[in-house]
Every structure is written in C-alpha cells, then in structure tokens.
There are 2 protein chains.
Amino acid sequence: MNAAILTIGEEILIGQIVDTNSAWMATELNNIGVSVRRIVSISDSLEEIKSTVNELFNEYEIVLVTGGLGPTNDDITKHALCELFNAELIVHKPTLDHVAGIFAQRGLPLTELNAKQAEEPNNCEVLFNPKGTAPAMLFRNGEKILVSMPGVPFEMKAIMELHVIPEIKSKNSTRVVYHKNIQTFGLPESFLAERISTWEQNLPENTSLAYLPSPNAIRLRLSTTGTNISLIKNNVQLQIEKLKSIIPDNIFGYDDDTMAIAVARLLIEKSAKVAVAESCTGGTIAQLLTENSGSSKYFLGGVVAYSNSIKVEQLKVSNADIEKYGAVSQQTVEAMAKNVRSIFKSDYAIATSGIAGPTGATQGKPVGTVWIAISTPQATVSEMHTFGGDRYRNILRSSVTALNMLRRILLEEKKG
Amino acid sequence: MNAAILTIGEEILIGQIVDTNSAWMATELNNIGVSVRRIVSISDSLEEIKSTVNELFNEYEIVLVTGGLGPTNDDITKHALCELFNAELIVHKPTLDHVAGIFAQRGLPLTELNAKQAEEPNNCEVLFNPKGTAPAMLFRNGEKILVSMPGVPFEMKAIMELHVIPEIKSKNSTRVVYHKNIQTFGLPESFLAERISTWEQNLPENTSLAYLPSPNAIRLRLSTTGTNISLIKNNVQLQIEKLKSIIPDNIFGYDDDTMAIAVARLLIEKSAKVAVAESCTGGTIAQLLTENSGSSKYFLGGVVAYSNSIKVEQLKVSNADIEKYGAVSQQTVEAMAKNVRSIFKSDYAIATSGIAGPTGATQGKPVGTVWIAISTPQATVSEMHTFGGDRYRNILRSSVTALNMLRRILLEEKKG
C-alpha cells in the first residue's frame, strides 16, 4: 500500500518548527509495510487545502493529514473537508460530552469556541482523541482512507496508535518493508560505490541500496520488501556477508552504531582502557567516547592540550621537538600519545594535533592537516591526514578518523 | 514573491531523517521576504521528479530542490531535469577542474563516477559548490528560477549563502521581513513567558514573538515586517532594551551567539585564559569552547577526569575526600576547579562532577545531579543542579550551565 502525508499550518513553512510529525508517521507507516510516496506541507488556506487533499486522495491509498483543527479562527481544515466531501457540520454528542467533561474537571466554563470543536462532518467516522479536545476524522472512498488529525504531536501520536495504525494493519497484513543500515568509514562515497558496484548490481530485485553520507560515516541502507520477515532478514544477512568480504575494514557497525560504540565494544571485550591527548580536536574525542552510557568501563579520561605550554608541562612533550618540528608534527603527536598513556596508566591512547582552521595554516601545512597517533602496549604509530577547509568538519573527521585508527589496531590485535 | 521547496530522496519518506534542510531554507527565504507556500518530499523516481518539478515550477516563482545529486546510481535528479528541460549533459570544465583538484589534494585518483559529477545540463547556470564536488544548477523561465542543490546540509547551506540568497535578494528589494533572535538561559520556558508577558502583549502590531527552546538556550525570535529596514531595526532595538531591563541576567547573546561565544568575548576583553576539569561532561565544555575559531586566545586546555584515579593523580584531589564525600560532591568539584587552575596556570577554571545517567544514581544523588565549580583569581565557588533523566541532555545542560556560571562571574567582576 502507498500513502501520502499532508501537514497544514504556517509553522513549518516559515521554518519555525522542523516537521518531526511527518518523520514519526513515516516511520510508523514503514514499520507496517506502507510505502510513503509523498510528504507535503501547506498553509491554512481553504483553497489550497481543498485542492491538495483532493489531489492526494485521488493518487494515494492512504492520506494522513495533520493540523488546522484547533479552536481558533485560523484553523479551517474541518471546513475545507466539509466543502470537499459535501458534508455538513453537526454536533457529535460523544465529543461534546468529552469536551464538556474536560472543562468541568478544570472548573472552567465551556466556551462557544470549544463547543464548536464538537461539530463534525456528518459523513465521516469520528475518531476519539484520548489526549485532547479535537477528535480526528476518517473519510473512506472504496478501499482508500483519509484521516485528518490535530497537529499537536502527542495528540496525533495517540490517535495514530489507538485508531489509524490498527485500521491500516487490518487492511495490510501481508506486506513488509525491512530496512538494514550498514555503517562504513574510510572510503569516500565514489570509491565505495565503485568498489561495491558489482555487489550492488547483483542485489535481488526486491532490494534497493541508498548511500547516506555524513562526516561521521557513510551509511549504506538496504531496503527489502516482501511478505515473510524472517526470510527477508536471512536474505539481507546473506548480502551483508558478501559485502563484508569486499570491504572488510570499512564496515564498523550496523543501524545506530557509531564509531565510538564500535571502539567501546572492542575495548570492553579485552577489558582495556583508553586515554586521550587532544589538541586540534579540543575534547571532541572524549565527548564522543562519553556520550554513550557505561563509558567509564573503558574510558579513563584525558588531557585537552590546546596550548603548547600544556603539551610540554602536562604531557611532557619536548619543547625542543615542538620548536624543531612544530606542534603539528609526527614527533609531537607521537609523544603526546605515548606520554598520556604512561601518565594516565591506560592500555591505549589516542592523540591529535592539527590545524582545524580557518586560521593557523603554515608553509606546507594547510588548514585541515592533522596528525593522529595511537599508542598501544606494543608500539606508537601515527598517520597524517589532510581534510578540507571547514573547521567543524575538520574537528569531527579528525576525531572519527582517530577512533577508526584505534579500531583497526584493536581488530588487528584480535586476529593475532 | 512565493516559493516552493522540494526534497528528493527516500530518507525523509521512510522517516529515517527529519527534514531539517527544508526548515533551514524556509527560515532563510522568510528572512528575505519570500513566502514559502509549499514543501514537498518525494523519492528518487524519474517520473515523480519530472512531474513534481514541472508542477511546482508552473505554480511558484522560486523552486528550490535538494537531493539526488550524488555520484551513485540512486541519484537521478540531474537526469530528470535534463529530460524536463530538454537539455544534454556536457562536461563543465571548471567543475571538472575543481573535482580533480580536490582528489589530487587528497592524493586520490579521479574515478569515472566522480568525473561524471562534472557533467551538467547545457542550458543551466552551474553554481559552484565551495564545500563539495557536486555543483548546483540554476534554470530560468522568465523571472522564475529553479535551483537544484545537493542534499548534504552544509553543502546546501554554502550554495544558498553564496548564490541563491543574493540572487533572490536582487529580485525582491521592497518588502522586508526582519528577524532578531535573543538568546536566553536560566529561566524555564513557562517562567520566562510569565515574566515577560506584559512586554509581549505590548509589542507593536507588526511584530510577533516566538519561543524556540533547546537544551542550550531558549531563543526568543522577534519578527517584524515593513518596508524601511533601518526604521524596523530601530524599533526592534527599542523592544530589546525594554526586555533587557526585565530579564537582565538571562540574555546572553543575539542571533547565532552561543554560550561559549558569550564567555569567549568576556575572557578576550580581559585577556584572561580558562582551563577545564571535566568529569560527567566528558570533554563537552572543552568541545564547546573550541568549536569556535580563535579559541586558543582564551582556552588553554583541560583534563577530562572521568575516573577517580585521574582526579586524584592528575588533579590532586584528596583521595580521602572522594571516599568521604563522593566524587559527586562540593568538596571534589571545588578541588578539581582550584587545582586545574593552578596546574594549568590559567586565570579561571571550570569543573564538573555529576551523574549523567542512566546508571550511577546513589542514595540522595539521583541521575541528573551535577556539581559545578568555578575557580577565579579571588575565590572558588560551586553550585549543585538537578537535571532530568536523559544522558544527552544532562551532559549538554551541565556544560552550558557551567559556562553560564563563569559568564555571570565575569560580568559581576566587570561591574566591579
């Protein structure tokens, strides 16, 4: 089955709120095998509501509408639907009793505006709103349904869960859509695409692939439709196994995994602890490691050595080396990693030193240059990377690249 | 002028991401007096792209399209636009040079897929993308414009700022909508609303107020429409002066100011440096202070003392005190602040110790309990706060509250 979502109101069109209602509804519909083909936002204009609802209801099997059902004058969805479906507004007694009860409970008189909320189109099914005064309306056209709900998120969600999802499920018991995310890092999008192109071309017909890049990862999403969920899951797992043999080093996790979570798992597995010595990343690696609950199991802490004096005094980096090679150098970053590991008595240590920008570039070291070192019980190794010109991205990419470097080392050790 | 926004890609339709791009574009368009009438999301389907773009471009003066311009097979926006506008794809030399340059800088070969990103429709204006490889395309029809941009948020924003907003501004010079943001912290939304209700009721008729709460701040947005921008700005400034007299301690900045920027300004003003000792905030205060360029002027660095052993060994907190009072205590956090200030030789220091959750609560110290201390050349002071149950919010609110505490102290010192 296919569906469209329509939100009515100015708040989205002026950018005042982000449309989280549609994202929530889309997720719920996907979970029960409904394919959302279109999401539309329009303003509270009678003509626009009528023409857009009409168009969507002609095109799609399910149309979910939110917004414009409040008690004030700018809320006109109900009137638009009446005109469109040739309905009349009549008092809906159970709604009136419900609204009157809410006001009585609060010791407030029932205003005329609120009483009007109990008037409903005479040819729809009125859906009870357990969290508010305005009920939802369900219109049918053959097998098709259109539901108009309030835009207040928790009222909409309650109505979806109580009425709409069960109604759709009862129509659509057989079809399933399954999504699986594969988190990759270390290959730019175009290289990744080339490397896995044969695999991609040989995906089964009911399976599609999407690339979702961010500074943290390139997420690959496999979407499969079918009728038997366990069969689908098995088939997706088969595809993942094939992919793993093509890019074994680049897959660090699945679904909501982050690079920090992948590193955490490996550290916990060997009861090892890590410390950090951060210059250009300014605390971001520590922040990524601690944003997950339970991080005290593997993270001891670290030094944010933003100034050279801290590198020398706290991390015992040789002042002569900093003068000779610079703070952004292999010598400095390796000393930072090695020394923080010994000072903090950790098993592993991560160090960064680079030029996040926009200022600070020197001859031969453009903005985006970063040295990363990992110190282990066996050795201290380092890499230089050159990222781009954007400060925010440089800091984030440096941090994730450093965590990935530790991940690769931990995996190598695991192999033995 | 009116506009429509179209996003292309499955991620929004399956609810995987929330459509923040459209909200950002809508805000920007509103800021320059353009009324957004419709926001639409569709999938990467050739026919749907063609029919929807055609419909929107017939109806609206400005159509902004994002998504579907990546190098991979699922990205087909360019082909759809070619078919719709009867164009042919030809190599765009400046784009090819730009893409080749990016790859050369990273020491990578140029793949065929990437070279294809430099092929553009022969009847559009190619807009340079300063943050990525895929440029944007601008098509004209009389006075109307259609711009197709990549969906990666920071690439889209860069193209909007560099090309699209100036282009639209040049068309649309008479009507002005002016928005001014006032950043507040320290009063919950309902308290803030009550405190400023009289001021709000007396705002001029052409001015509206919106509350935009986040864990970092409650942003108040004043929106004013008119024709004379300097007159509007003067009137808004008058309202802000009135507001400042009502909540003098709670306004920390304007527009894109963050709490870290507000603190940075005060530190730079007195050429003072700050260091941090972070336990529960795990590097987040350092990260907030260093995300802005030029932070080495006022930030020396710090210790992320996640484990108690680091608090004792690196920050010289008394082990006996930790055992007696606990790591989350006034004694511990004050020692952390005082000692990091002396060890790092900074003028000011910030320290945090708390229970970010979801685990770690003890008798009398629920999840969300945090001690914050500020050490200054004169004294060390501390406060206890109790936030909620959510780890992410606890870490962020603790960090911003700590920065705000330093801000209030710096302001007090300034008054003398």
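Cut-offs and rules
- Residues numbered from 1 in each chain as written.
- Chains lettered and ligands numbered in written order.
- Predicted model: local features only at pLDDT ≥ 70, side-chain atom pairs only at ≥ 80, totals over all residues.
- Heavy atoms only, no water.
- Helix = DSSP H or I, 4+ residues; strand = E, 2+ residues; numbered from the N terminus.
- Rg over C-alpha atoms; globule rule 2.2 N^0.38 Å.
- Areas by Shrake-Rupley, 256 points an atom, 1.4 Å probe, with all protein chains shown as cover.
- Lys, Arg positive; Asp, Glu negative; His and termini not counted.
- Charge placed at Lys NZ, Arg CZ, Asp CG, Glu CD.
- 1 Å grid on protein atoms, 1.4 Å probe; cavity = no way out; pocket = protein on both sides within 12 Å on 5 of 7 lines; lining within 4 Å.
- Points joined across faces, edges and corners; volume = space filled by probe spheres on them.
- Nonpolar A, V, L, I, M, F, W, Y, C, P; charged D, E, K, R; others polar.
- Pairing = 2+ DSSP bridges.
- Axes fitted to C-alpha atoms, helices over the stretch in contact; angles between N-to-C directions.
- Contact = heavy atoms within 4.5 Å.
- Domains from an automatic or database assignment.
- Buried area = accessible area lost by both parts, 1.4 Å probe.
- Salt bridge = Lys/Arg side-chain N within 4 Å of Asp/Glu carboxyl O.
- Expected span 1.5 Å × (residues − 1).
- Polar contact = N/O pair within 3.5 Å; in protein donor to acceptor, adjacent residues only side chain to side chain.
- Buried < 20%, exposed > 50% of the residue type's maximum accessible area, 1.4 Å probe, protein only.
- Phe/Tyr/Trp six-rings, centres within 6.5 Å; stacked < 30°, edge-to-face > 60°.
- pLDDT = per-residue confidence, 0-100.
- Arc of directions from axis to C-beta.

Points about the overall build of chain A
Then step 1. The helix and strand tally for chain A stands at 16 helices and 17 strands.
Then step 2. Against the 2.2 N^0.38 benchmark of 22 Å for 416 residues, chain A shows a C-alpha radius of gyration of 29 Å, more extended than a compact globule.
Then step 3. Each principal axis of the C-alpha distribution contributes one length, and for chain A these read about 85 × 55 × 40 Å.
Then step 4. For chain A, the exposed surface amounts to about 17300 Å²; the carbon and sulfur share of it is 51%.
Then step 5. Counting 39 positive and 44 negative side-chain charges, chain A places the averaged centre of each group 10 Å from the other.

Considerations on empty space enclosed by the protein
Over the atoms rolls a probe the size of a water molecule, and its path tells where empty space is left.
Then step 1. Per the counting criterion, the structure on display carries four cavities of 30 Å³ or more.
Then step 2. Along the walls of the largest cavity sit 14 residues, with Asp19, Ser22 and Ile39 of chain A together with Asp19 and Ser41 of chain B positioned nearest its centre.
Then step 3. Listed by contribution, the elements that provide at least two residues to the lining of the largest cavity are helix 2 (20–31) and strand 2 (35–42) of chain A together with strand 2 (35–42) of chain B.
Then step 4. Here the lining of the largest cavity is composed, by residue class, of eight nonpolar, four polar and two charged.
Then step 5. Space inside the second largest cavity adds up to approximately 60 Å³.
Then step 6. Lining the second largest cavity are Arg38, Val40, Thr52, Glu55 and Leu56 of chain A together with Arg38, Val40, Thr52, Glu55 and Leu56 of chain B.
Then step 7. Broken down by class, the residue content of the lining of the second largest cavity amounts to four nonpolar, two polar and four charged.

Overview of the sheet that holds strand 7 (residues 136–141) of chain B
Then step 1. In spatial order, the strands read 6(A)-7(A)-8(A)-3(A)-1(A)-2(A)-2(B)-1(B)-3(B)-8(B)-7(B)-6(B); together these 12 strands make up an open sheet with mixed pairing. Edge positions in the sheet fall to strand 6 (125–127) of chain A together with strand 6 (125–127) of chain B, since each of these pairs with one other strand and no more. Averaged over all adjacent pairs, the angle separating strand axes in this sheet is 15°, with direction ignored.
Then step 2. Strand contacts of helix 2 (residues 20–31) of chain B: strand 1 (2–8), strand 2, strand 3 (62–66) and strand 8 (144–149) of chain B, with the helix running at about 165° to strand 1 of chain B, the strand carrying the most contacts.

Re the sheet that holds strand 13 (residues 274–278) of chain B
Then step 1. Spatial ordering of the open sheet is given by 17(A)-16(A)-15(A)-13(A)-14(A)-14(B)-13(B)-15(B)-16(B)-17(B), a layout of 10 strands whose pairing is mixed. In this open sheet, the two strands that pair with only one neighbour each are strand 17 (380–386) of chain A together with strand 17 (380–386) of chain B. Each strand axis lies, on average, 15° off the axis of its neighbour in the sheet, ignoring direction.

A short note on the domain arrangement of chain A
Residues and elements named next belong to chain A.
Then step 1. Domain parsing of chain A yields domain 1 (2–171), domain 2 (176–254) and domain 3 (262–415).
Then step 2. Each partner contributes residues to the interface: domain 2 has seven residues there, and domain 3 has eight residues.
Then step 3. Roughly 780 Å² of surface becomes buried between domain 2 and domain 3 when both sides are summed, with 57% attributable to carbon and sulfur atoms.
Then step 4. Sorting the residues of domain 2 by area buried against domain 3 places Phe185, Pro215 and Phe252 first, and these three jointly supply 66% of that buried surface.
Then step 5. Across the domain 2-domain 3 interface, the total number found is zero salt bridges.
Then step 6. Among the residues making up the side of domain 2 that touches domain 3, the classes are represented as four nonpolar, two polar and one charged.

Concerning the pairing of strand 10 (residues 207–214) of chain A
Residue and element names in this part refer to chain A.
Then step 1. Inspection of the sheet shows strand 10 paired to strand 11 (residues 217–226) by eight bridges, in the antiparallel sense. Directly across from tyrosine 211, in strand 11, lies its bridge partner leucine 220.
Then step 2. Remark: two residues form the turn of the hairpin made by strand 10 and strand 11, two consecutive strands paired antiparallel.

Examining helix 5 (residues 93–105) of chain A
All names here are of chain A.
Then step 1. For helix 5, built from 13 residues, the straight-helix expectation of 18 Å at 1.5 Å per residue is met to within 8% by its first-to-last C-alpha distance of 18 Å.
Then step 2. The elements touched by buried residues of helix 5 are helix 6 (112–116) and strand 6.
Then step 3. Of the residues one or two after helix 5, glycine 107 is the one with positive phi, at around 70°.

Quick look at the interface of chain A and chain B
Then step 1. Each partner contributes to the interface: chain A provides 75 residues, whereas chain B provides 75 residues.
Then step 2. Of the roughly 5900 Å² buried between chain A and chain B on both sides combined, carbon and sulfur atoms contribute 52%.
Then step 3. Summed over the shared surface of chain A and chain B, the result is seven salt bridges.
Then step 4. Among the ionic pairs, arginine 38 of chain A bridges to glutamate 48 of chain B, the shortest N-O distance being 3.2 Å.
Then step 5. Summed over the shared surface of chain A and chain B, the result is 38 residue pairs in polar contact (both at pLDDT 80 or more).
Then step 6. Class assignment of the residues belonging to the side of chain A that touches chain B gives a composition of 31 nonpolar, 27 polar and 17 charged.

Some words on unusual backbone geometry
What you tend to see is this: most non-glycine residues have negative phi, and most peptide bonds are trans.
Then step 1. Across the junction of glycine 357 of chain A and proline 358 of chain A, the peptide omega takes the value 0°, indicating a cis bond.
Then step 2. Tracing the backbone through its elements, the reader meets proline 358 of chain A in the loop between strand 15 (348–354) and strand 16 (369–375).
Then step 3. In this structure, asparagine 86 of chain B is a non-glycine residue whose phi angle is positive, near 50°.
Then step 4. Relative to the helices and strands, asparagine 86 of chain B is located in the loop between helix 4 (77–84) and strand 4 (89–91).
Then step 5. Among the residues examined, asparagine 86 of chain B registers a relative accessible area of 71% and is labelled exposed.
Then step 6. One non-glycine residue, lysine 345 of chain B, lies in positive phi territory at about 55°.
Then step 7. Note that lysine 345 of chain B resides in the loop between helix 15 (330–344) and strand 15 (348–354).
Then step 8. You can call lysine 345 of chain B exposed: its relative accessible area is 59%.

Some thoughts on the packing of aromatic side chains
Then step 1. Enumeration over the complete set of coordinates arrives at seven aromatic pairs over all chains.
Then step 2. Aromatic side chains phenylalanine 85 of chain A and phenylalanine 139 of chain A sit 4.3 Å apart centroid to centroid with 20° between the ring planes, which places their arrangement in the stacked category. Note that phenylalanine 85 of chain A is positioned in the loop between helix 4 (77–84) and strand 4 (89–91) and phenylalanine 139 of chain A in strand 7 (residues 136–141), a separation of 54 residues in sequence.
Then step 3. Consider the rings of phenylalanine 57 of chain B and phenylalanine 85 of chain B, whose centres lie 6.1 Å apart with planes at 85°: the pair is edge-to-face. With phenylalanine 57 of chain B in helix 3 (residues 46–59) and phenylalanine 85 of chain B in the loop between helix 4 and strand 4, the pair connects residues that are 28 residues apart, well separated along the chain.
Then step 4. Through a chain of ring-to-ring contacts, three or more aromatic side chains come together here, namely Phe57, Phe85 and Phe139 of chain A.

What about the confidence of the model for chain A?
Then step 1. For chain A, per-residue confidence averages 92 on the pLDDT scale, and 99% of positions sit at 70 or higher.
Then step 2. Under the prediction, the complex receives an ipTM of 0.78, its pTM being 0.78.

Some details on helix 10 (residues 229–246) of chain B
All names here are of chain B.
Then step 1. Under the 1.5 Å per step criterion, the end-to-end length of helix 10 is 26 Å for 18 residues, consistent within 8% with the ideal 26 Å.
Then step 2. Turning to helix 10, its buried residues are Ile232, Val236, Gln239, Ile240 and Leu243. Projected onto a plane normal to the axis of helix 10, the buried residues spread over an arc of 105° and lie on a single side. Facing away from the buried side of helix 10 by over 90 degrees, the exposed positions are Asn234, Leu238 and Ser245.
Then step 3. Considering only its buried residues, helix 10 is in contact with strand 9 (176–184), helix 9 (197–201), strand 11 (217–226) and strand 12 (251–254).
Then step 4. Between the side-chain oxygen at the start of helix 10 and the backbone nitrogen of serine 230 there is a gap of 3.1 Å, and the oxygen is on asparagine 228.

Some remarks on the environment of valine 177 of chain B
Residue and element names in this part refer to chain B.
Then step 1. Within the secondary structure, valine 177 sits in strand 9.
Then step 2. By relative accessible area, which is 16% here, valine 177 ends up buried.
Then step 3. As for valine 177 and phenylalanine 103, which are separated by 74 residues in sequence, their C-alpha atoms are 42 Å apart.
Then step 4. Setting aside chain neighbours within four positions, we find valine 177 in contact with Asn30, Asn31, Gly33, Thr224 and Thr225.

A few points about the side chain of aspartate 19 of chain A
Then step 1. Looking at where aspartate 19 of chain A falls in the secondary structure, it is placed in the loop between helix 1 (10–13) and helix 2.
Then step 2. Notably, aspartate 19 of chain A is buried but unbridged: the nearest opposite-charge side chain belongs to lysine 157 of chain A, and the N-O separation is 11 Å.
Then step 3. Reaching out from aspartate 19 of chain A, the side chain makes a polar contact with the side chain of serine 22 of chain A at a distance of 2.5 Å.
Then step 4. Setting aside its immediate chain neighbours within four residues, aspartate 19 of chain A contacts Thr7, Ile12, Ile39 and Ser41 of chain A together with Val18 of chain B.

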